[in-house]
Amino acid sequence: MRRRDLFRMGGLTALGAAAAACGGGGGGAGAPGAVELQFMYWGSTFEQKAVNKMLQAFERSKPGRKVKPLFTPDEYDVKLNTLVAGGRVPDVGYVPMAMSFRLGEQGKLVNLFPYLKKYPQLAGYLQDAYLWSGQDNLHGVATANEIELLWYSKSAVAEAGIAPPPADAANAWTWDQLVENAYKLTVDQNGRHPDESGFDPKQVRQFGISSSITYGAAWYGFLRGNGGDIADEPGRKCLLDAPEAIEVFQNLQDLVYKHRVAPGPGQLAATGDDVPGTNILLKTKRVAMVVDGHWSLLDMNESKVDYGIGVLPKYGEPFTASQVAGASAVFAGTKHVEEAVELFAFHIDPRYVDLYQQGLWMPQEKKYYEDQAAIDSWTKNAAHPQEFRTAVVDYARDHGVPDFRNRLKNLSAISSDLLTPALQELETGKRSAAEVLKEVAPKITAQLQGWHHTQEL
């Protein structure tokens, strides 16, 4: 990220001024007898409104508490790193996942483990939500649960005369079924399909499927379902050169270059390097099916897309990557630890934040996947389609596997230096998956440092 942009629109100056106004090093006193806290976060304009509404609800429910929102939509990690280095941290806030482990290990985030008894809802989370820096050192939690799904245009599927992607894991398509249906959904400007004579791959009106090769959460469920993983159990040996992994990545590459049912690099770009969101791709029928996260639900509804939700195609097991959201934490620099933890527990409670009901977030507490009344409290509304219970709630509970990006040590360096460049090469189609992965796997192994600590409550 460009450091010069820190000062655009007074960015860093405004953050520093806000910290100073609250006494520095976390929240300070506002009105006499009041405790003022800072809450730093990123997100869309819609998320900004929802978070500010939640903070106001916190103030109403906790007399004597005031919260100053620090909405930071751009270059969040750069700005947060600068505040940490200067000792001007907020009290509570979002933390990029990889950064949370580093700050947790450095003791710059409050250990929440002693507070689990005081706030029972925190003790009832899904196991994969907890972020540990060591034994009994709980430095934060994933802000929201998220899983990968198969989104599709209902009208495109109807026009092709195929059955919609299954909305329950038991009936998930096989990979071959996905490819077969993607052929029927892919048409060029003359209405020809890729398996028909005269099909023009340079003039495709509608692609059948888009599934990212470079975005880890999109392919990790496939990898695990095929019996593979990115690293072995100790987290010291890269397994991307194993046959199970090579098959998954070759299949993804073949969607573009062999079957011609998926777009290659640049084929969906709108302006410059921008690729339209899944909601736009489905609404305009540039693509009929897209592998993307649950968070797309909000944009689908806001854009009035005629969409449906299916589970991902399966290999041996129907798996999907889960817990791909960023982290939330309490900063060790706060002068009001008890009040900050109180706000922390409040800010991701579905009773007070409507981002769950609106479709951006999925809850972290187990009861919202197991208890019918709790499930209804966030899903029984117009924002959640009929198939949501089986395609998302049941799928996440029974078939979610924790995203490796939340768990593998040293992943930031590995991704930037090795993994991402290798996957980008795969995306170009210039070399096969076997060639690329067998070359990069030993190099990744040399940088692996194991998995982050986990423990059961």
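Residues numbered from 1 in each chain as written. Predicted model: local features only at pLDDT ≥ 70, side-chain atom pairs only at ≥ 80, totals over all residues. Heavy atoms only, no water.

## Side note on the side chain of His193
Here's step 1: Among the structural elements, His193 can be located in the loop between strand S8 (187–188) and strand S9 (204–210).
Here's step 2: Only 3.5 Å separates the side chain of His193 from the backbone oxygen of Lys184, close enough to count as a polar contact.
Here's step 3: Separated by 2.8 Å, the side chain of His193 and the backbone oxygen of Thr186 make a polar contact.
Here's step 4: Aside from chain neighbours lying at most four places away, what touches His193 is Tyr183, Lys184, Thr186, Val187 and Phe199. (Helix = DSSP H or I, 4+ residues; strand = E, 2+ residues; numbered from the N terminus. Polar contact = N/O pair within 3.5 Å; in protein donor to acceptor, adjacent residues only side chain to side chain. Contact = heavy atoms within 4.5 Å.)

## Structural notes on the nonpolar core
Here's step 1: Core analysis: the biggest nonpolar cluster contains 146 residues, and Ile209, Leu240, Phe249 and Met289 have the highest contact counts within it.
Here's step 2: In contact with Leu240, not counting residues within four places along its chain, are Leu223, Asp229, Ile230, Ala245, Ile246, Phe249, Leu419, Leu437 and Ile444.
Here's step 3: Within the second largest apolar cluster, five residues are counted, among which are Met97, Phe101, Leu131 and Ala142. (Core = buried A, V, L, I, M, F, W, Y, C linked by side-chain atoms within 4.5 Å. Buried < 20%, exposed > 50% of the residue type's maximum accessible area, 1.4 Å probe, protein only.)

## Thoughts on the confidence of the model for the protein
Here's step 1: Predicted confidence across the protein gives a mean pLDDT of 91, with 92% of residues reaching 70 or more.
Here's step 2: Confidence over residues 1–30 falls short of pLDDT 50; this stretch has 62 contacts with residues more than four positions distant or in other chains. (pLDDT = per-residue confidence, 0-100.)

## A closer look at the environment of Gly191
Here's step 1: Along the chain, Gly191 falls in the loop between S8 and S9.
Here's step 2: The spacing of Gly191 and Val204 is 13 residues in sequence and 9.0 Å in space, taken between C-alpha atoms.
Here's step 3: Sequence-distant contacts of Gly191, defined by excluding residues within four places in its chain, comprise Glu196 and Arg205.

## Section: the packing of helix H9 (residues 243–257) against helix H18 (residues 433–445)
Geometry of a packed helix pair, given as the angle between the helix axes and the separation of the axes.
Here's step 1: The N-to-C vectors of H9 and H18 enclose an angle of 135 degrees; their axes lie 9 Å apart at closest approach. As far as their axial angle goes, H18 and H9 are oblique. As for how H9 packs across H18, the hand of that crossing is right-handed. In this structure, H9 uses Ala245, Ile246, Phe249, Gln250 and Gln253 to contact H18, whose residues at the interface are Ala433, Ala434, Leu437 and Lys438.
Here's step 2: Here the residues of the contact of H9 with H18 are counted per class, giving six nonpolar, two polar and one charged. (Axes fitted to C-alpha atoms, helices over the stretch in contact; angles between N-to-C directions. Parallel < 35°, antiparallel > 145°, perpendicular 65-115°, else oblique. Left-handed = near helix turned anticlockwise from the far one by under 90°. Nonpolar A, V, L, I, M, F, W, Y, C, P; charged D, E, K, R; others polar.)

## Some words on the packing of aromatic side chains
Here's step 1: The full count for this structure, using the stated rule, is 22 aromatic pairs.
Here's step 2: Taking 5.3 Å as the distance between ring centres and 70 degrees as the angle between the ring planes, the aromatic pair formed by Phe58 and Phe346 counts as edge-to-face. Taken together, the residues span a long stretch of sequence, with Phe58 in helix H2 (residues 45–61) and Phe346 in helix H12 (residues 337–347) at a distance of 288 residues. Neither residue differs from the other here; Phe58 and Phe346 are each classed as buried.
Here's step 3: An aromatic cluster of three or more residues is present, and its members are Phe39, Tyr41, Trp42, Phe71, Tyr76, Tyr94, Tyr356 and Trp361. (Phe/Tyr/Trp six-rings, centres within 6.5 Å; stacked < 30°, edge-to-face > 60°.)

## Some words on the pairing of strand S5 (residues 130–134)
Here's step 1: Along S5, five of the five residues are buried, which leaves the element largely enclosed by surrounding structure.
Here's step 2: Pairing between S5 and strand S6 (residues 137–142): four bridges, direction antiparallel. Within the sheet, the bridge partner assigned to Tyr130 lies in S6 and is Val141.
Here's step 3: Following S5, the chain reverses through two residues before pairing antiparallel with S6; Asp136 in that reversal takes a positive phi of roughly 60 degrees. (Pairing = 2+ DSSP bridges.)

## As for the sheet that holds strand S7 (residues 148–153)
Here's step 1: With respect to topology, five strands assemble into an open sheet ordered S8-S9-S10-S7-S11, the strand pairing being mixed. Looking at which strands have only one partner, the edges of the open sheet turn out to be S8 and strand S11 (307–310).
Here's step 2: Inspection of the sheet shows S8 paired to S9 by two bridges, in the antiparallel sense. For Val187, the partnering residue across the bridge sits in S9 and is Gln206.
Here's step 3: Contacting S7 and S11, helix H16 (residues 388–399) runs over the sheet at an angle of about 165 degrees to S7.

## Considerations on the pattern of salt bridges
Here's step 1: Applying the stated criterion across every chain yields a total of 15 salt bridges.
Here's step 2: Across the salt bridge formed by Glu338 and Lys118, the nearest N and O atoms sit 3.3 Å from each other. Taken as a pair, Glu338 in helix H12 and Lys118 in the loop between helix H4 (97–105) and helix H5 (120–123) lie far apart in primary sequence, 220 residues in all.
Here's step 3: Overall, Lys118 belongs to the exposed group, its relative accessible area being 51%.
Here's step 4: Linking Asp403 and Arg405 is a salt bridge whose minimum nitrogen-to-oxygen distance equals 2.6 Å.
Here's step 5: Taking the relative accessible area as the measure of exposure, Asp403 reaches 0% and is therefore buried.
Here's step 6: Of the residues examined, Arg405 reaches a relative accessible area of 29% and is grouped as partly exposed.
Here's step 7: Connected via shared salt-bridge partners are Arg389, Asp394, Arg397 and Asp398. (Salt bridge = Lys/Arg side-chain N within 4 Å of Asp/Glu carboxyl O.)

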